[in-house]
Amino acid sequence: MEMRINEVKRAQLVDLLIAIVVLGSLWGLSEVVLGGAIRAAGVPYRAGILTGVGIGIMGLAVGVFRKPSMPIGIALVAILCKQLVVPILHVSVMCKANSCLALMLEGVALAGVVSLAGRRLDRGRLAQMASGASAALLAAAAFYFIGMRVAPCRYLLSFNRPGGFVAFLSAEGLVWALSSAILFPVGYRMGARLRDTVLVLRARKPFFYYTTFAALVVCCWVASAFATAAGL
């Protein structure tokens, strides 16, 4: 009986690690490819859009596994994906320091908000929207103070003035919150619907389950590498 329990726990841990790597890779891909495409097209609110996408992806993980700590691991994988710029373009790790900082803060903020929300997330869309928006606002507020000291870009430094914090939250934080309020519920509800499907797939078709997700991770990293090399 004890051996069976240990096997189940190991299987659950493997599922969590696979989900973290897969979703972190997808988030990293979106940061590199979608972020580069938005910048190239001159579309405004790039940071806000990418924040919503990232928090939506983390919401999917929370919806499936109900583990508040997962967003932190997903953010770490996404950061590693963004840092492909170092070996490919031979630049400093600090080249993407602030954008990587933003990802980490979003993961930590969402983990904290989800922990506090608990089962209230299942009570309706309003609780999910509030959780996504709160996490984004917390991340934006922390990013303003920490980002100013890590590797501030010219845009961020433009808010380094009296009243700059409020101006930054108005210009960026509210957009981050709005996109996250929209996309976190989408990810969370999708995850809740996929929960049983994922577990059944692993139990019935383990080879297909593992090879599919392994292929998805490889595709994300290869695509990110080519996009990085192309200057996105």
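Scroll up to find the structure this text is about.
Residues numbered from 1 in each chain as written. Predicted model: local features only at pLDDT ≥ 70, side-chain atom pairs only at ≥ 80, totals over all residues. Heavy atoms only, no water.

## Quick notes on the overall build of the chain
Part 1 of the argument: From N to C terminus, the chain includes 9 helices and 0 strands.
Part 2 of the argument: Listed N to C, the secondary structure of the chain is α-α-α-α-α-α-α-α-α in terms of helices and strands.
Part 3 of the argument: The C-alpha radius of gyration of the chain comes to 18 Å, within 12% of the 17 Å expected for a compact globule of 232 residues.
Part 4 of the argument: Viewed in the frame of its principal axes, the chain has a C-alpha envelope of about 65 × 40 × 30 Å.
Part 5 of the argument: A burial count over the chain gives 44% of its 232 residues as buried.
Part 6 of the argument: Restricting the contact set of the chain to residue pairs at least 6 apart, pairs at least 24 apart contribute 77%.
Part 7 of the argument: Surface exposure of the chain reaches about 12,000 Å², of which carbon and sulfur atoms provide 71%.
Part 8 of the argument: Of the side chains in the chain, 22 bear a positive and 8 a negative charge, and the two mean positions are spaced by 5 Å. (Helix = DSSP H or I, 4+ residues; strand = E, 2+ residues; numbered from the N terminus. Rg over C-alpha atoms; globule rule 2.2 N^0.38 Å. Buried < 20%, exposed > 50% of the residue type's maximum accessible area, 1.4 Å probe, protein only. Contact = heavy atoms within 4.5 Å. Areas by Shrake-Rupley, 256 points an atom, 1.4 Å probe, with all protein chains shown as cover. Lys, Arg positive; Asp, Glu negative; His and termini not counted. Charge placed at Lys NZ, Arg CZ, Asp CG, Glu CD.)

## Let's talk about the pattern of salt bridges
Part 1 of the argument: Under the definition given, this model contains 4 salt bridges.
Part 2 of the argument: In this structure, Lys-82 and Glu-31 form a salt bridge, with 3.5 Å as the shortest nitrogen-oxygen distance. Separated by 51 residues along the polypeptide, Lys-82 in helix H3 (residues 70–82) and Glu-31 in helix H1 (residues 2–41) bring together distant segments of the chain.
Part 3 of the argument: Look at Glu-31 and you get buried, because its relative accessible area is 9%.
Part 4 of the argument: For the salt bridge of Asp-122 with Arg-66, the shortest nitrogen-to-oxygen distance reads 3.0 Å. Highlighted residues: Asp-122 in the loop between helix H5 (97–117) and helix H6 (125–150) and Arg-66 in the loop between helix H2 (46–65) and H3, separated in sequence by 56 residues.
Part 5 of the argument: Each of Arg-66, Arg-119 and Asp-122 takes part in salt bridges that share partners, so that together they form one network. (Salt bridge = Lys/Arg side-chain N within 4 Å of Asp/Glu carboxyl O.)

## Section: H5
Part 1 of the argument: In this model, H5 (21 residues) spans 30 Å end to end at C-alpha, consistent with the 30 Å of a helix rising 1.5 Å per residue.
Part 2 of the argument: Most of H5 is tucked away: 16 of the 21 residues are buried. (Expected span 1.5 Å × (residues − 1).)

## Some remarks on the environment of Met-148
Part 1 of the argument: For Met-148, the location among the structural elements is in helix H6.
Part 2 of the argument: You can call Met-148 buried: its relative accessible area is 13%.
Part 3 of the argument: Along the sequence, Met-148 and Ile-88 sit 60 residues apart, while their C-alpha atoms lie 27 Å from each other.
Part 4 of the argument: In this view, Met-148 contacts Phe-143, Leu-156, Leu-157, Phe-159 and Asn-160; residues no more than four positions away in its chain are not counted.

## Quick word on a nonpolar patch on the surface
Part 1 of the argument: A contiguous nonpolar patch, built from Leu-178, Ile-182, Leu-183, Val-186, Met-190 and Leu-194 and spanning about 500 Å² of accessible area, is present on the exposed surface.
Part 2 of the argument: Following the sequence through the fold, Leu-183 ends up in helix H8 (residues 164–204). (Patch = residues over 30% accessible without salt bridge, like charges linked within 9 Å, V, L, I, M, F, W, Y side chains within 5 Å.)

## Focus: the packing of H3 against H5
Part 1 of the argument: Where H3 contacts H5, the axes come no closer than 8 Å and their chain directions differ by 170°. By the angle between their directions, the pair H3 and H5 is classed as roughly antiparallel. Together, Pro-71, Ile-72, Ala-75, Leu-76, Ala-78, Ile-79 and Lys-82 of H3 and Ser-99, Cys-100, Leu-103, Met-104, Gly-107, Val-108, Leu-110 and Ala-111 of H5 make up the contact between the two elements.
Part 2 of the argument: Considered class by class, the residues forming the contact of H3 with H5 number 12 nonpolar, 2 polar and 1 charged. (Axes fitted to C-alpha atoms, helices over the stretch in contact; angles between N-to-C directions. Parallel < 35°, antiparallel > 145°, perpendicular 65-115°, else oblique. Nonpolar A, V, L, I, M, F, W, Y, C, P; charged D, E, K, R; others polar.)

## Looking at the environment of Lys-82
Part 1 of the argument: Taking relative accessible area as the criterion, Lys-82 reaches 8% and is therefore assigned buried.
Part 2 of the argument: Spatially, the C-alpha atoms of Lys-82 and Ala-47 are 15 Å apart, while their sequence positions differ by 35 residues.
Part 3 of the argument: Not counting the four nearest positions on each side in its chain, Lys-82 is found in contact with Glu-31, Val-32, Lys-96, Ser-99, Cys-100 and Leu-103.

## Digging into the side chain of Gln-83
Part 1 of the argument: Tracing the chain through its elements places Gln-83 in the loop between H3 and helix H4 (85–89).
Part 2 of the argument: Residues in contact with Gln-83, not counting those within four places in the same chain, are Val-93, Lys-96 and Cys-100.

Such coordinate-based values are descriptive only and should not be taken to indicate function.
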